[in-house]
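# Coordinates in review
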Amino acid sequence: MPRHNPTRTSRLHLLLPLWLAALPLLAAETAPLNARQLQSLGIQTQALPPGGDARLPGLPGRVEVPAGQLQVLAAPLEGTLQEVLVAPGATVRKGQVVARLISPQALELQRFHAEASARAAQAGAARQRDEQLFKEGIIAQARLDNSRAAAAEAGAQLAQSRQALALAGGRPGAGGAVLELRAGLDGVLLEQLAQVGDRLPAATPIARIGRPAPLWVTLQVPAGVAARVKAGDSVRLPLLGVEGKLLAVSRSVDAASQNVTLRAQVDQGSEQLRPGQAVEVEIQVGGQPGQALPSRALVRHEGQLLAFVQQGSGEAVRFVARPVKVLSQLGDTVMVEGLAPGERVAVQGVASLKAMLAGAGGE
């Protein structure tokens, strides 16, 4: 005869009531609801993303022009801003004159260039004459070498004066004290930094020009959130329907705010954005355990944390209360265990569903 194990029997007697007590809750579901009832109760659902994906919504960001796509147009010499030919927000082309500056120093540059040009012409003529005389055997090699060295030196001085004039916005032979400041790239005049008539020291910024595509979005997030994201994660601006990719996560933390800087790049849809614009950003994080839900989708009932999973569709929708376990929280998003990818879960109106569940338990 098989031996009776009293210890095993007593354990089963202890576990069975606990399992039976949990069974009604695991199987608890609401009465069927039609579309009108769902709307009146404010119930909304969302499909769970693929396993391991989470959304970080509501992150504050600011639109910026990448450093490599930005030019600051500055006064090359001390002078007075005569005119600005392009309005802020207007498109400019590379080489287009954006502003004109009146500078007495421009006259000095023109004079130096004219003198250097005359010396170079004179030295060049002397070199040609000595080369001819050397061929005829009239002069020695040393004199020809001196002429060639003098011509090379004069040519170098001419090139230097021409470059200095060009950097200042002047043109050789144009004369006058007016300097033309030109755009160095195709883009948009983002900001005018000086006014017509202002007396400007050298290197004073006059305007900012930027190429508006692609654009960067810079975010400041808590260190805990930054630890969950990585370069390559998808970024979305939900209010504008613009998408991009996370470029970099800073390795340092701001001492004052304890925030970490994230930088994302937006390629498609960047024409909807403006540099300096404040935007709301959502990051799609991959590789997270569990399923992602907004924290408002969870309720606590009879000591358990529940989510309401939709069953059926059309005019006979039911919601089953499913116990879940919170694994982690990223902002307003929680990662939970106990749900499957693709299931539809109530994310609005869960208080009404909880009331219905409590009513069913009372019956």
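## Describing the overall build of the protein chain
From N to C terminus, the protein chain includes six helices and 22 strands. Burial status across the protein chain gives 36% buried among its 363 residues. The long-range share in the protein chain, meaning contacts at least 24 apart out of those at least 6 apart in sequence, stands at 73%. Per element, the accessible surface of the protein chain, about 20,000 Å² overall, is 54% carbon and sulfur.

## Section: the sheet that holds strand E3 (residues 70-74)
Taken in spatial order, the four strands of this open sheet run E3-E10-E8-E5, and their pairing is antiparallel. This sheet does not close on itself; its edge strands, each paired only once, are E3 and strand E5 (91-92). Taken together, the four bridges between strand E8 (residues 187-192) and strand E10 (residues 205-210) define a ladder with antiparallel strand orientation. Across the sheet, the residue bridging to Leu189 is Ile209, located in E10.

## Some remarks on the sheet that holds strand E11 (residues 215-222)
If you walk around this closed barrel you meet the six strands as E2-E11-E14-E13-E12-E15, and the pairing is antiparallel. Adjacent strand axes in the sheet meet at a mean angle of 40°, parallel and antiparallel pairs treated alike. When strand E2 (residues 54-64) meets strand E15 (residues 278-285), the two strands line up antiparallel, connected through seven bridges. Counted as the bridge partner of Gly61 is Val279 from E15.

## Quick look at the pattern of salt bridges
According to the stated counting rule, one finds 11 salt bridges in the structure shown. Each of Glu83, Arg100, Glu180 and Arg182 takes part in a single network of salt bridges with overlapping partners.

## Observations concerning unusual backbone geometry
Cis rather than trans, the peptide bond between Ala213 and Pro214 has omega equal to -5°. Mapped onto the fold, Pro214 is located in the loop between E10 and E11. Here the phi dihedral of Ala203 falls at roughly 75°; this positive angle occurs in a residue that is not glycine. Looking at the element boundaries, Ala203 is found in the loop between strand E9 (199-200) and E10. For Glu302, which is not a glycine, the phi torsion comes out positive at approximately 50°. Here Glu302 is to be found in the loop between strand E17 (299-301) and strand E18 (304-311).

## Notes on the nonpolar core
If you look at soluble globular proteins, the nonpolar side chains tend to sit buried side by side. Counting residues in hydrophobic clusters, the biggest one holds 24 residues, and the most contacted among them are Leu262, Val281 and Ile283. Broken down by secondary-structure element, the contributors of at least two residues to this core are E2, E11, helix H5 (223-226), strand E12 (234-237), strand E13 (242-249), strand E14 (259-266) and E15. Ignoring sequence-local partners within four residues, the contact set of Val281 consists of Leu56, Pro57, Gly58, Leu59, Gly61, Val217, Leu219, Val235, Arg236 and Leu237. Within the second largest apolar cluster, 23 residues are counted, among which are Leu179, Leu181, Ala183 and Ile209.

## Some details on the confidence of the model for the protein chain
When the pLDDT values of the protein chain are averaged, the result is 83; 88% of them are 70 or greater. Per-residue pLDDT stays below 50 along residues 6-27; that stretch engages in nine contacts with residues further than four places along the chain or on separate chains.

## Description of the side chain of Ser147
Mapped onto the elements, Ser147 comes out in helix H4 (residues 141-167). Judged by its relative accessible area of 11%, Ser147 falls in the buried class. Beyond its immediate chain neighbours, meaning those up to four positions away, Ser147 contacts Ala126, Arg127 and Asp130.

## Quick notes on the pairing of E18
Burial within E18 is extensive, with six of its eight residues counted as buried. As paired strands, E17 and E18 are joined by three bridges and run antiparallel to one another. Paired with Arg300 across the two strands is Leu305, which belongs to E18. Hairpin connection of E17 to E18: two residues between the antiparallel strands, including Glu302 at a positive phi of 50°. Of the pairings in the sheet, the one linking E18 to strand E19 (residues 318-323) comprises six bridges and is antiparallel in character. Within E19, the position partnered with Gln310 by the bridge is Phe319. Counting the residues that bridge the hairpin from E18 to E19 gives six residues, and of these Gly312 lies at a positive phi of roughly 80°.

## Looking at the environment of Trp216
For Trp216, the location among the structural elements is in strand E11. With residues up to four places along the chain from it excluded, the contact list for Trp216 reads Arg62, Val63, Glu64, Pro66, Ala67, Leu247, Arg263, Ala264 and Gln265.

## Some words on the side chain of Asn34
Within the secondary structure layout, Asn34 lies in the loop between helix H1 (6-27) and helix H2 (35-40). On the basis of relative accessible area, Asn34 is assigned to the buried category, the value being 18%. In terms of polar contacts, Asn34 uses its side chain to reach the backbone amide nitrogen of Arg36, at 3.2 Å.

## Focus: the packing of helix H3 (residues 104-135) against H4
Running from N to C, H3 and H4 point in directions that differ by 155°, and their axes come no closer than 8 Å. In terms of orientation, H3 lies roughly antiparallel with respect to H4. Classified by chirality, the crossing of H4 by H3 is left-handed. Tallied by class, the residues present in the contact of H3 with H4 amount to 15 nonpolar, nine polar and seven charged.

Scoring rules and cut-offs
- Residues numbered from 1 in each chain as written.
- Predicted model: local features only at pLDDT ≥ 70, side-chain atom pairs only at ≥ 80, totals over all residues.
- Heavy atoms only, no water.
- Helix = DSSP H or I, 4+ residues; strand = E, 2+ residues; numbered from the N terminus.
- Buried < 20%, exposed > 50% of the residue type's maximum accessible area, 1.4 Å probe, protein only.
- Contact = heavy atoms within 4.5 Å.
- Areas by Shrake-Rupley, 256 points an atom, 1.4 Å probe, with all protein chains shown as cover.
- Pairing = 2+ DSSP bridges.
- Axes fitted to C-alpha atoms, helices over the stretch in contact; angles between N-to-C directions.
- Salt bridge = Lys/Arg side-chain N within 4 Å of Asp/Glu carboxyl O.
- Core = buried A, V, L, I, M, F, W, Y, C linked by side-chain atoms within 4.5 Å.
- pLDDT = per-residue confidence, 0-100.
- Polar contact = N/O pair within 3.5 Å; in protein donor to acceptor, adjacent residues only side chain to side chain.
- Parallel < 35°, antiparallel > 145°, perpendicular 65-115°, else oblique.
- Left-handed = near helix turned anticlockwise from the far one by under 90°.
- Nonpolar A, V, L, I, M, F, W, Y, C, P; charged D, E, K, R; others polar.

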